[in-house]
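Next come the chains, spelled out residue by residue.
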Amino acid sequence: MATPGDPSAKKKKAEGGAIHIPNPHLEEIKEDVLYHFALSTATHDFPALFGDVKFVCVGGSPSRMKNFISFIAEDLGISTPGGEHPNICAGTDRYAMYKVGPVLSVSHGMGIPSIAIMLHELIKLLHYAKCTNVIVVRIGTSGGLGLEPGSVVITQQSVDAAFKPQLEQVILGKSIFRSTALDKELAEELLECGKELNQFSTVAGNTMCTLDFYEGQARLDGAICSYSEEEKLQYLKSAYEAGVRNIEMESSVFAAMCNLCGLRGAVVCVTLLNRLDGDQITTPHEVLKEYQTRPQKLVGHFIKKRLGKQ
Ligand code: R2B
Ligand code: URA
């Protein structure tokens, strides 16, 4: 059984900043169909289409990722024909993908299975495109713990429902545990960007990644609930004591897959509510919309700085 201490679970340092693909079988495949992207190595020239990608931003909703690409295009001063940003994955409605200059913006849906499928295909895409030194950031929403709603959390460690920095995966019927450590320097740099922007509160903290939005996140308002309000609060308080500052549903597999493929990854999520105050998201739509622009603004600032445009 692999554990987070195992060499197999440690971050792989790929040579020359190349993507590391820990799958020997891939070399035997002549054509690789990235089915959920509606892209194939036989019909698309990956190096020509994606070879210059340096920053990949992923987030749950297709419309948010479209907004992000428009925002970043304007922020970087990159104009496109008619100001349009076509969906590169228009042949499918599973995921949406947009590109402007060195930035790729991809939606991943909700939950570990959905983001994992997307990441398998995204990482292969970057590998076939011969991309190097790519940074991947998940920009998303979350429930906060003890924070003012609208705060942005930069994830230090992604932890499971027992507050351990690991992801359990069942492979060939057996449980294995993969490390969910994230790039510390990158997290520091992003925290610094939040401070420089100085438009909203940005904090570093652990992020709990769950398999469910309701019982999995200790909510009392799902169709089913098997615990009392006291038990719920006790659990959320123990999460807070373990350093958890927000709760979402994708960071663990995101971190594990970045580690195994030598990608520098970070998770930047805005909190929509303080879970110590309640479960329902009742904040007006317009306020929530503004909250969701916050991780985008922070990562936009980071990309501009990295490109020397700040
Ligand atoms: C945050 O928000 C979604 C659930 O509403 C989920 O994708 C997540 O991680
Ligand atoms: N996303 C989550 O996963 N949980 C929340 O409470 C809010 C957004």
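These numbers come from a predicted model, not from an experiment.

A. Quick peek at the packing of helix α2 (residues 62-76) against helix α7 (residues 285-306). Remark: α2 packs on α7, axes separated minimally by 10 Å, with the N-to-C direction vectors making an angle of 40°. Accordingly, the angle class assigned to the pair α2 and α7 is oblique. Our pair here, α2 against α7, has a crossing hand that is right-handed. For the pair α2 and α7, contact is made by Arg64, Asn67, Phe68, Phe71, Ile72, Asp75 and Leu76 and by Gln292, Gln296, Lys297, Val299, Gly300, His301, Ile303 and Lys304, respectively.

B. Representation of the site of ligand 1 within the structure. Around ligand 1 sit Met110, Arg138, Thr141, Phe213, Glu248, Met249 and Glu250, and that is every residue in its neighbourhood. In this structure, Arg138 approaches ligand 1 through a side-chain N or O atom, which is 3.2 Å from an oxygen atom. Relative to its unbound accessible area of 270 Å², ligand 1 is 81% covered by the protein chains.

C. Up close: the side chain of Thr180. Tracing the backbone shows Thr180 in the loop between β9 (174-179) and α4 (184-197). Residue Thr180 is classed as buried on the basis of its relative accessible area, which comes to 0%.

D. Structural context of α7. Relative to the 32 Å expected for 22 residues at 1.5 Å per residue, α7 spans 33 Å between its end C-alpha atoms, a close match to the ideal helical length. Along α7, the residues classified as buried are Leu288, Tyr291, Arg294, Pro295, Gln296, Leu298, Val299, Gly300, His301, Phe302, Ile303 and Lys304. Gly308 occupies a position one or two residues after α7 and carries a positive phi of about 70°.

E. A look at the nonpolar core. One finds Phe37, Val56, Leu122 and Leu125 to be the most contacted residues of the largest nonpolar core, which totals 42 residues. Elements with a contribution of two residues or more to this core: α1 (46-50), β3 (55-59), β5 (103-107), α3 (112-128), α6 (251-260) and β12 (264-274). Of all the elements, α3 adds the most residues to this core, at 10 residues. When residues no more than four places from it in sequence are discounted, the contact partners of Phe37 are Cys89, Thr92, Tyr95, Met97, Val106, Met118, Glu121, Leu122 and Leu125. Counting residues in each nonpolar core, the second largest holds 35 residues, with Ile139, Leu190, Cys193 and Leu298 among its members.

F. Expanded view of the pairing of strand β10 (residues 202-209). Most of β10 is tucked away: six of the eight residues are buried. Across four bridges, the pairing between β10 and strand β11 (residues 244-248) is parallel. Opposite Met208, over in β11, you have Ile247 as the bridge partner.

G. Molecular detail of the site of ligand 2. By nearness alone, every residue bordering ligand 2 is listed as Thr141, Ser142, Gly143, Phe213, Gln217, Arg219, Ile247, Glu248, Met249 and Leu273. One of the side-chain N or O atoms of Gln217 is found 2.8 Å from a nitrogen atom in ligand 2. The protein chains hide 93% of the 230 Å² of surface that ligand 2 would expose on its own. Breaking the shell around ligand 2 down by element, the ones donating at least two residues are β6 (135-144) and β11. When residues in the shell around ligand 2 are grouped by element, the largest group, three residues, is from β6.

H. Up close: the packing of aromatic side chains. Applying the stated criterion across every chain, the model contains six aromatic pairs. The interplanar angle of 50° and the centroid separation of 5.9 Å between the aromatic rings of Phe46 and Phe50 together place this pair among those described as tilted. One end of the pair is Phe46 and the other is Phe50, both in helix α1 and four residues apart, which spans about a single turn. The pair formed by Phe46 and Phe50 is uniform in burial state, with each residue classed as buried. Judged by centre distance (5.0 Å) and plane angle (75°), the rings of Phe213 and Tyr214 are edge-to-face. By relative accessible area, Phe213 is classed as partly exposed at 29%. The partly exposed category is assigned to Tyr214, whose relative accessible area is 36%. Aromatic ring contacts, followed pair by pair, group Phe46, Phe50 and Tyr128 into a single cluster. Here Arg245 stacks its cationic end above the ring of Tyr240, 3.7 Å away from the centre of that ring.

I. Here's a closer look at the side chain of His301. Positionally, His301 belongs in helix α7. Sequence-distant contacts of His301, defined by excluding residues within four places in its chain, comprise Asp75, Cys193, Glu196, Leu197 and Gln310.

Definitions and cut-offs
- Residues numbered from 1 in each chain as written.
- Chains lettered and ligands numbered in written order.
- Predicted model: local features only at pLDDT ≥ 70, side-chain atom pairs only at ≥ 80, totals over all residues.
- Heavy atoms only, no water.
- Axes fitted to C-alpha atoms, helices over the stretch in contact; angles between N-to-C directions.
- Helix = DSSP H or I, 4+ residues; strand = E, 2+ residues; numbered from the N terminus.
- Parallel < 35°, antiparallel > 145°, perpendicular 65-115°, else oblique.
- Left-handed = near helix turned anticlockwise from the far one by under 90°.
- Contact = heavy atoms within 4.5 Å.
- Near = heavy atom within 4 Å.
- Polar contact = N/O pair within 3.5 Å; in protein donor to acceptor, adjacent residues only side chain to side chain.
- Areas by Shrake-Rupley, 256 points an atom, 1.4 Å probe, with all protein chains shown as cover.
- Buried < 20%, exposed > 50% of the residue type's maximum accessible area, 1.4 Å probe, protein only.
- Expected span 1.5 Å × (residues − 1).
- Core = buried A, V, L, I, M, F, W, Y, C linked by side-chain atoms within 4.5 Å.
- Pairing = 2+ DSSP bridges.
- Phe/Tyr/Trp six-rings, centres within 6.5 Å; stacked < 30°, edge-to-face > 60°.
- Lys NZ or Arg CZ within 6 Å of the ring centre and 35° of its normal.

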